[in-house]
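Each chain, written out:
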Amino acid sequence: MSTSRPDTNDPSARAEVHELRAEIRANEVRHQAILDTIVDAVITIDPEGTILFANVAVERLFGYTPEELLGANVRILMPEPDRSAHDGYLKKYRETHVAKIIGIGRRVVGLRKDGSTFPLHLAVSEAKTKRGLLYTGILRDLSEEVRAEQELHATKERLELAVSGTAEGIFDWNRVTGERYLSARAIELMGGKEGIADLVDEAEYAKFLAAADQCLVNGTPIDVRVRATLPTNEVRWLRIRGTGVGDGSARIVGSIGDVTTEQSALQALEEMASTLAERVQERTRELSLANEELERASSAKDEFLANMSHELRTPLNAILGLGEALMEGIYGPLNAEQQRTLKTVEESARHLLALINDILDLAKINAGRLELDSEPVNVFDLCASCLSYIRPEAIHKKIYLSVSEVDRDLVVQSDARRLKQILINLLSNAVKFTPVGGRISLTVWPKPDADEIEFQVEDTGIGIPEDKLAEIFLPFRQVDSGHSRQYEGTGLGLALVSRLVEAFGGSLRVHSNLGTGSKFTIVLPCVDGVAEPEEVLLAPTNVRKALIIEDSKPDADRLQRFLKERNIESVILRTTETALDVLRSDRPDVILLDLLLPNESGWRFIERLRDDPEVCDIPVIVVSVVDEQPQSARQGAAIHITKPITREDIERALARLSNPEVKETAPDSPPKHTILLAEDNEANILTIGDYLRRHGLRILVARTGVEAVDLAHSEKPDLILMDMQMPQMDGFEAIKRIRAGGQSEVPIFALTALAMRGDRERCLSAGANDYIPKPVRLKDLLTAIDERLNGRERV
Ligand code: ADP
């Protein structure tokens, strides 16, 4: 029997065998190297399941080394029930050759050495060898894949739960291919349809597509509401929101929600809004009609105010004028009783006038018709003028008035009339509520840095209880408004002050202690005007040296400063004790003497002075809060100045000392000037005419505008007093005609009770030189006439 075995005795055959063996070993080594490097486990078993080969990867998968597995049955790598069933599988395969695994590969469960199990993929191949059939399995650990799968599943589950839990439906739609995913809820919302195309009309669909295109092109998220008619014919509003996936595809993912309720509410709201808009329009129409009506009423009210002011002031003018003339004894001497009665008449009339003015002013402010002027106001003059207004009453009550140092040239832009109104109100209250012998001070603080000016009126009066401080600024509120009213008043003053301050854009503060006094502070905005230093015309004086006898240091210093400005040397004494000695040694040209001195009264000193032949000729200027001009004259004082002292007072006094002829008015001189009084009211003709006549003026009377023009032409008066409201031809027309008739120079004073805003301007633009609101104080009128005529003479 021949065999294929090589003859081992044949040396060449032996070499061949040797070569073959070497090749086989090399192959084995190569195979082993491959098997050792692949990640999958490779196990070869015989048909009984005995493991014949295992690569190194088995250790990573099962925990056994290849050596441990060699000879063992492959069952040990399987958990139950496969473990027990495995012998049966092999047997069945041997008998039937129906493969469950071989050549197919499937997922099975592996059992590690440590008893744990893990998923693995098993692919088995069958090989016929000389040693019979062998099966080689390639096993791959699927733990990672399975975990990833499970995670994916969980995520999907969560997502589905979330989606099904919301009222919104989810869609994932490709705009180009039309591929779509719709959540069950989305389909439900669309009434079972899988797209909105069938549910909406063309326009709505086009709107949706346009939004989708915008979303894909610009990245603008879709947010559209469409009106969908469901297959059940039910109409629902769907809100579709979505964003592009942004992966270069035309995918849009988003949600669909039912917003029918919201939309209905929105529609209802829109309807309400449009109804509202209509109503607003309606009301606006009504309001503008009402406004027109109001404007008509308001201008009627203005007219009424103007007329009322005229009607009320005209008779008051007569009462005051006649009263003043009577008091001055123009109609014959009056006894004390008559004087007293007349004084009461005058006081009542003035009170009534103040009341009327306040009410008119408040009405004007309340109607928002108060307009403030802006004009240069000299603060010093303003203070002096306010103080002169209250001085008589302060002197009467022996109240000491003081005013802070104010720069003579301080000019601010403000409304002089209203500013004066504020200060006079505060000062009048101070005088009214300060008992005899008290003190009142007016302090001015210019604050140029803040463009503000502060005024303070402080008194040592009765004070105001703290709980009443806020109330006093309300109209008609007075602290003791009970039955036992002690102080006269209307309760309008502070209301006016506070409104005026408000109109100025300023602030008002009050600080008060009951029984000690009150301090009212106002701060007003003002722009500094151009402080053009006024040219002071100084009358020449012979005075070179003065003696000041004054116990108040501020007053003494003030006097000394004024004198120094005129190069007049001065010595200050606080009492009269050494005064006569000083007079003898110094021989001053004048003595400035206060009356209320610590050691003796000024009067007493003047008596002593007059008894001293050496110094009796030195003139005395009395400077005092006591306004006792006649007494000073009787005592032989040359001049009497009432405090607070102004530079002008001193100027005037020095001028009079040096030129005794200087007088303010010349009542006894023969009539030099002719005044034309154009006035239709008989009471006024009587009052004004008589008064002026008695002060040396020649009076012509015209009772109509026409007469006024004629008389002006024929008589060529030196000055015309023109009432602006006259029958036939009013004052405006009359002035124009007089001016046009060649008398462009004659001074004309417009006398009017109109007292409304703009009157002054109207009168001046008609050609008047000045404007004097009625009721006019006769003395002031006389002064104005005198100033105008003297001024004209000087020119
Ligand atoms: P009238 O002075 O006319 O009563 P006002 O409005 O000017 O009205 O003042 C209201 C009230 O405020 C006064 O009645 C008074 O009770 C109180 N009052 C005002 N100024 C002072 C003051 N300087 N001292 C004390 N009380 C004052």
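As the structure is a computational prediction, the values presented were derived from the model and not from experiment.

(A) Region of the structure containing the overall build of the protein. For the protein, the helix and strand inventory stands at 22 helices and 28 strands. A burial count over the protein gives 42% of its 795 residues as buried. Considering only intrachain contacts with a sequence separation of at least 6, the fraction spanning at least 24 residues in the protein is 60%. Accessible surface, the protein: about 44000 Å² in total, of which carbon and sulfur atoms supply 53%.

(B) Region of interest: the pattern of salt bridges. Within this structure, the stated rule accounts for 32 salt bridges. Between Arg236 and Asp258 there is a salt bridge; the shortest N-O distance is 2.8 Å. Residue Arg236 is located in strand β9 (residues 235-244), and its partner Asp258 is located in strand β10 (residues 251-258); the two are separated by 22 residues in the primary sequence. Classification of Asp258 by relative accessible area gives partly exposed; the value is 31%. Glu286 is paired through a salt bridge with Arg283; the nearest N and O atoms lie 3.5 Å apart.

(C) Layout of helix α10 (residues 379-396). Between its first and last C-alpha, α10 extends 26 Å over 18 residues, near the 26 Å set by a 1.5 Å rise per residue. If you check which residues of α10 are buried, you get Val379, Phe380, Leu382, Cys383, Ala384, Cys386, Leu387, Ile390, Arg391, Ala394 and Ile395. Backbone nitrogen of Phe380 and a side-chain oxygen of the N-cap are separated by 3.0 Å at the start of α10; the cap is Asn378. After α10 finishes, the residue Lys398 shows a positive phi value of roughly 50 degrees.

(D) View of the packing of helix α13 (residues 553-565) against helix α17 (residues 647-658). Packing of α13 against α17 brings their axes to within 10 Å, and their N-to-C directions diverge by 55 degrees. With respect to α17, the element α13 is oriented oblique. By crossing handedness, the relation of α13 to α17 is classed as right-handed. Along its contact with α13, which presents Leu559, Arg561, Phe562, Leu563 and Glu565, the element α17 presents Arg647, Ile650 and Leu654. In terms of residue class, the contact of α13 with α17 is made up of five nonpolar, no polar and three charged.

(E) Local environment of the sheet that holds strand β25 (residues 698-702). Within the open sheet, the five strands sit side by side as β25-β24-β26-β27-β28. Their pairing is parallel. Because the sheet does not close on itself, it has two edges, and the strands there are β25 and β28 (770-773). The average angle at which neighbouring strand axes cross in this sheet is 20 degrees, direction not considered. Bridge count between strand β26 (residues 719-723) and strand β27 (residues 748-752): four bridges; the pairing is parallel. By the bridge assignment for β27, Asp723 is matched with Leu751.

(F) Here's a closer look at the site of the ligand. If you check the shell around the ligand, you find 20 residues, and the closest are Asn429, Asp459, Gln478, Thr490 and Leu494. Here an oxygen atom of the ligand sits 2.8 Å away from a polar atom, N or O, in the side chain of Asn429. Leu494 places a main-chain nitrogen or oxygen 2.7 Å from an oxygen atom of the ligand. When the free accessible area of the ligand is taken as 530 Å², the share hidden by the protein chains comes to 97%. Of all the secondary-structure elements, those providing two or more residues to the shell around the ligand are α11 (416-432), α12 (493-504) and β17 (517-525). At three residues, the largest contribution of residues to the shell around the ligand is made by α11. Broken down by class, the residue content of the shell around the ligand amounts to nine nonpolar, eight polar and three charged.

(G) Structural view of the nonpolar core. Ranked by internal contacts, the top residues of the largest apolar core, which has 48 residues, are Val379, Ile453 and Phe455. Counting residues per element, the ones that place at least two in this core are α9 (336-366), α10, β12 (400-403), α11, β14 (439-447), β15 (452-459), α12 and β17. Excluding its chain neighbours within four sequence positions, the residues that come into contact with Ile453 are Val379, Leu410, Val412, Val444, Trp445, Pro446, Lys447, Ile522, Val523, Leu524 and Cys526. Leu676, Ala702, Ile735 and Cys763 belong to the second-largest nonpolar core, a separate cluster that totals 23 residues.

(H) Spotlight on the pairing of β27. Of all the five residues making up β27, five are buried; the element is thus mostly covered by neighbouring parts of the structure. Going residue by residue along β27, you find Ile748, Ala750 and Thr752 tucked away on one face and Phe749 and Leu751 tucked away on the opposite face as well. The sheet contact formed by β27 and β28 spans four bridges and is parallel. Paired with Thr752 across the two strands is Pro773, which belongs to β28.

(I) Looking closely at the sheet that holds strand β7 (residues 180-182). Pairing is antiparallel in the open sheet, where five strands are placed in the order β7-β6-β10-β9-β8. Strand pairing shows two members of the sheet lacking a second neighbour, β7 and β8 (222-229), which therefore form its edges. Taking the axes of each pair of neighbouring strands and ignoring which way they run, one obtains an average angle of 20 degrees across the sheet. Those strands touched by helix α7 (residues 202-218) are β6 (169-174), β8, β9 and β10, and its axis lies near 160 degrees from that of β8.

(J) Broad picture of the confidence of the model for the protein. Looking at the protein, the pLDDT average stands at 83 and 90% of residues meet or exceed 70. Overall, residues 529-537 carries pLDDT values under 50, and its contacts beyond four positions in sequence, including any with other chains, amount to ten contacts. Counted against residues more than four places away or in other chains, residues 661-669, with its pLDDT under 50, gives eight contacts.

(K) Main features of the side chain of Asn55. The residue Asn55 is located in the loop between β2 (51-54) and α2 (57-62) in this model. Asn55 gets classed as buried once you look at its relative accessible area, which sits at 0%. Setting aside residues up to four positions removed in sequence, Asn55 forms contacts with Leu35, Asp36, Ile38, Asp40, Ala41, Val42 and Pro66.

(L) Inspection of the environment of Val706 at higher detail. Inspection of the secondary structure assignment puts Val706 in helix α19 (residues 705-715). Each C-alpha atom of the pair Val706 and Pro727 lies 9.1 Å from the other, and the pair is 21 residues apart in sequence. With near-sequence residues (within four places) excluded, Val706 lies in contact with Gln728 and Met729.

(M) Up close: the packing of α19 against helix α20 (residues 731-740). Relative to each other, α19 and α20 sit at 20 degrees, their axes nearing to 9 Å. Classified by the angle between their axes, α19 and α20 sit roughly parallel to one another. Considering how the two elements wind past one another, α19 and α20 form a crossing that is right-handed. Residues Gly705, Ala708, Val709 and Ala712 of α19 touch α20, and the partners they reach there are Ala734, Arg737 and Ile738. In terms of residue class, the contact of α19 with α20 is made up of five nonpolar, one polar and one charged.

(N) Main features of the environment of Thr516. Relative to the helices and strands, Thr516 resides in the loop between β16 (507-513) and β17. Along the chain, Thr516 and Ile462 lie 54 residues apart, while their C-alpha atoms are 6.2 Å from each other. For Thr516, the contacting residues outside a window of four places in its chain are Asp459, Thr460, Gly461 and Ile462.

(O) Seen up close, the side chain of Gln421. Tracing the sequence through the fold places Gln421 in helix α11. Accessibility expressed as a relative area gives 15% for Gln421, which makes it buried. A polar contact is formed between the side chain of Gln421 and the side chain of Arg418, at a distance of 2.6 Å. Beyond its immediate chain neighbours, meaning those up to four positions away, Gln421 contacts Asp361, Leu496 and Leu500.

Each value, and the rule that gives it
- Residues numbered from 1 in each chain as written.
- Predicted model: local features only at pLDDT ≥ 70, side-chain atom pairs only at ≥ 80, totals over all residues.
- Heavy atoms only, no water.
- Helix = DSSP H or I, 4+ residues; strand = E, 2+ residues; numbered from the N terminus.
- Buried < 20%, exposed > 50% of the residue type's maximum accessible area, 1.4 Å probe, protein only.
- Contact = heavy atoms within 4.5 Å.
- Areas by Shrake-Rupley, 256 points an atom, 1.4 Å probe, with all protein chains shown as cover.
- Salt bridge = Lys/Arg side-chain N within 4 Å of Asp/Glu carboxyl O.
- Expected span 1.5 Å × (residues − 1).
- Polar contact = N/O pair within 3.5 Å; in protein donor to acceptor, adjacent residues only side chain to side chain.
- Axes fitted to C-alpha atoms, helices over the stretch in contact; angles between N-to-C directions.
- Parallel < 35°, antiparallel > 145°, perpendicular 65-115°, else oblique.
- Left-handed = near helix turned anticlockwise from the far one by under 90°.
- Nonpolar A, V, L, I, M, F, W, Y, C, P; charged D, E, K, R; others polar.
- Pairing = 2+ DSSP bridges.
- Near = heavy atom within 4 Å.
- Core = buried A, V, L, I, M, F, W, Y, C linked by side-chain atoms within 4.5 Å.
- pLDDT = per-residue confidence, 0-100.

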